[in-house]
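Architecture at a glance
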Amino acid sequence: MKSAVENLTPTRVKLTVEVPFEELKPSIDEAYKTIATQIQVPGFRKGKVPSKLIDQRVGRGYVLETAINEGLNGWYQQAIVETEIRPLSRPEVEITEVPDPSATDGELKFQAEVDIRPEVELPDYAGIKVEVAVAEAGEDDVEKALEDLRGRFGTLVAADRPAADKDFITIDITASIDDEEVDTASGLSYQVGSGTMLDGLDEAVTGLSVDEDAVFSTTLVGGENAGKESQVKVVLKGVKTRELPEANDDFAQLASEFDTIAELREDLAKQAAEGKIVEQGVEARDKVLDKLVELIEVPVPESVIAEQLEQHFSAENNHAGEDHDTEEHRAEVKANSERAFKNEIILDAIADKEEVGVSQNELIDYLVSTSAQYGMDPNQFAQIIDQAGQVPLMVAEVRRRKALAVVLGQAEVVDSDGKAVDLSDFVKGREELAAEAAEETVEETADAQA
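None of the values given here were measured: they were computed from a predicted structure. (Residues numbered from 1 in each chain as written. Predicted model: local features only at pLDDT ≥ 70, side-chain atom pairs only at ≥ 80, totals over all residues. Heavy atoms only, no water.)

If you check the backbone angles, aspartate 178 has positive phi at about 55° while not being a glycine. Mapped onto the elements of the fold, aspartate 178 is located in the loop between strand S7 (168-177) and strand S8 (180-191). The exposure class assigned to aspartate 178 is exposed, which follows from its relative accessible area of 74%. Unusually for a residue other than glycine, aspartate 179 sits at a positive phi of about 65°. Structurally, the position occupied by aspartate 179 is in the loop between S7 and S8. On the basis of relative accessible area, aspartate 179 is assigned to the exposed category, the value being 82%. (Helix = DSSP H or I, 4+ residues; strand = E, 2+ residues; numbered from the N terminus. Buried < 20%, exposed > 50% of the residue type's maximum accessible area, 1.4 Å probe, protein only.)

Next comes the structure, spelled out in structure tokens:
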């Protein structure tokens, strides 16, 4: 078999494939076997009909057509391997020549147009310069961390007063559209000011006393009426406030491994400083990727973006209706899809150049951290990913992250005061945490199997 590739655009090629008769013949023989099971000829068992009788019954041309249809994908895949292209879309195939059905020679010729992953030219990315915010952890950061920690050990007590910001309330709500009740719920718990339920709810309940009600207009966010304007009546059934434990030595011993509040504050200050460094690292990582996208031209196949748009709005329309398929939203999704595609192409190219690999422990760590985001058991999440055939996608994502870390490690990072920022601990620390998490997961799995 011969195959040749012609570049039509930076992201689209035309494959020309020639299959000689001797390579076509196995498919013809297989076609005879297939057709023999589909027809009945008196005097012959099903599947044992001779080729000559099949030619008489259905015609040699039909046999040849069947052979081509069955073998076409295999020859196309072989051509992909020979030409070393990386397709991104389904091919548009045109058969340009077939052997004469009455002959025992000749060849099959076909062409296939397909979108491919573009090749990009990498610049010298060592020493990319980016600026990040100054990392200063002050007393306010320590107080906030201490307040959050106290909140975890706080207790809720009933409050005999109107509802106020940060209160924990119990409510009944009834939603109506055009004076028709469409939804109702009782005994809902909500923290005033969290904004996690309905727009307008915080304003409506603030100042209400128990058994008082208020009506407000809002857009429903769930159910079959999602996206529709509704009148919502809310009845306040209870008000509670969170009482925090006093920040003293007793609390330090309750909430930490420290004996005194001074030691706890010192540790919180250390954590706050480390958190600022992490924030710097994340900001620098994102800006390094932005720089790479600016420096490297990546052509984007229209078919890839069209497919992403179709998938996005098909899924979204199933949940929220067609009102979300607006021109503005479509433009936003298109821009995000194009950026994601460019990120992948650039980071894959860097990973190839840097010969980045992914170990089993690194993959396990990524699965563990991702499963936590979905609130799932890591082993169950890994099984779902494996059954869905998405492990290669996970490996590719880890590889891209490592490639970006390589560039970040070579970048020149300064803060807004012009001071050089050393992110070696950020990069190294994340790698060590990944290794530790993966090692723990492997040990836990081994213990469970034992």
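Structure shown, so let's carry the discussion forward.
Here, the residues flagged by UniProt with the feature "domain: PPIase FKBP-type" (unreviewed entry) are residues 161-216. Helix and strand shares over residues 161-216 are 9% and 46% respectively, and the end C-alpha atoms of the span are 22 Å apart. (UniProt positions renumbered as here; feature names shortened; annotations may be inferred.)

This part takes up the pairing of strand S4 (residues 107-115). Pairing geometry for strand S2 (residues 12-20) and S4, over nine bridges, is antiparallel. Its bridge partner lying in S4, arginine 12 is registered against aspartate 115. The pairing of strand S3 (residues 92-97) with S4 spans five bridges and is antiparallel. Looking at the pairing, glutamate 94 lines up with glutamine 111 of S4. (Pairing = 2+ DSSP bridges.)

For sheets, the rule is that strands pair by backbone hydrogen bonds, running either parallel or antiparallel. Sheet architecture is open: four strands sit in the order S1-S2-S4-S3, paired in antiparallel fashion. In this open sheet, the two edge strands, each paired with only one partner strand, are strand S1 (2-9) and S3. Ignoring strand direction, the axes of neighbouring strands in this sheet form an average angle of 20°. The sheet contacts of helix H1 (residues 21-36) involve S2 and S4, and relative to S2 the element is tilted by about 85°. Helix H3 (residues 60-83) rests against S1, S2, S3 and S4 of the sheet, and its axis sits at about 60° to S4. (Axes fitted to C-alpha atoms, helices over the stretch in contact; angles between N-to-C directions. Contact = heavy atoms within 4.5 Å.)

So, on to a nonpolar patch on the surface. A contiguous nonpolar patch, built from Val93, Ile95 and Val98 and spanning about 220 Å² of accessible area, is present on the exposed surface. As for its placement among the helices and strands, valine 98 is situated in the loop between S3 and S4. (Patch = residues over 30% accessible without salt bridge, like charges linked within 9 Å, V, L, I, M, F, W, Y side chains within 5 Å. Areas by Shrake-Rupley, 256 points an atom, 1.4 Å probe, with all protein chains shown as cover. Salt bridge = Lys/Arg side-chain N within 4 Å of Asp/Glu carboxyl O.)

For the protein, per-residue confidence averages 89 on the pLDDT scale, and residues scoring 70 or more make up 93% of the total. Between residues 433-450, whose pLDDT stays under 50, and residues either more than four places distant or in other chains, the model counts 11 contacts. (pLDDT = per-residue confidence, 0-100.)

What follows concerns the packing of helix H7 (residues 261-295) against helix H12 (residues 391-410). Packing of H7 against H12 leaves a shortest axis separation of 10 Å and a crossing angle of 100°. Here H7 lies roughly perpendicular to H12, going by the angle between them. Residues Gly281, Ala284, Arg285, Val288, Leu289 and Leu292 of H7 form the contact with H12, whose own contacting residues are Leu404, Val407 and Leu408. Residue classes in the contact of H7 with H12 are distributed as seven nonpolar, one polar and one charged. (Parallel < 35°, antiparallel > 145°, perpendicular 65-115°, else oblique. Nonpolar A, V, L, I, M, F, W, Y, C, P; charged D, E, K, R; others polar.)

Time to look at the pairing of strand S9 (residues 213-219). Only one face of S9 is covered, namely the face carrying Ala214, Phe216 and Thr218; the face carrying Asp213, Val215, Ser217 and Thr219 is uncovered. Bridging between S9 and strand S10 (residues 229-243) involves seven bridges; their strand directions are antiparallel. Paired with threonine 219 across the bridge in S10 is glutamate 229.

A few words on the packing of aromatic side chains. Applying the stated criterion across every chain, the model contains two aromatic pairs. Both rings, one in phenylalanine 153 and one in phenylalanine 251, keep their centres 5.9 Å apart while their planes meet at 90°; by these two values the pair is edge-to-face. Remark: phenylalanine 251 occurs in helix H6 (residues 249-255) and phenylalanine 153 occurs in the loop between helix H4 (139-152) and strand S6 (155-158); sequence separation between them is 98 residues. Overall, the relative accessible area of 30% leaves phenylalanine 153 in the partly exposed class. By relative accessible area, phenylalanine 251 is classed as buried at 2%. Aromatic side chains tyrosine 374 and phenylalanine 381 sit 5.9 Å apart centroid to centroid with 20° between the ring planes, which places their arrangement in the stacked category. Phenylalanine 381 gets classed as buried once you look at its relative accessible area, which sits at 8%. Over the ring of phenylalanine 313 we find arginine 330; its NZ or CZ atom is 4.3 Å from the centre of that ring. (Phe/Tyr/Trp six-rings, centres within 6.5 Å; stacked < 30°, edge-to-face > 60°. Lys NZ or Arg CZ within 6 Å of the ring centre and 35° of its normal.)

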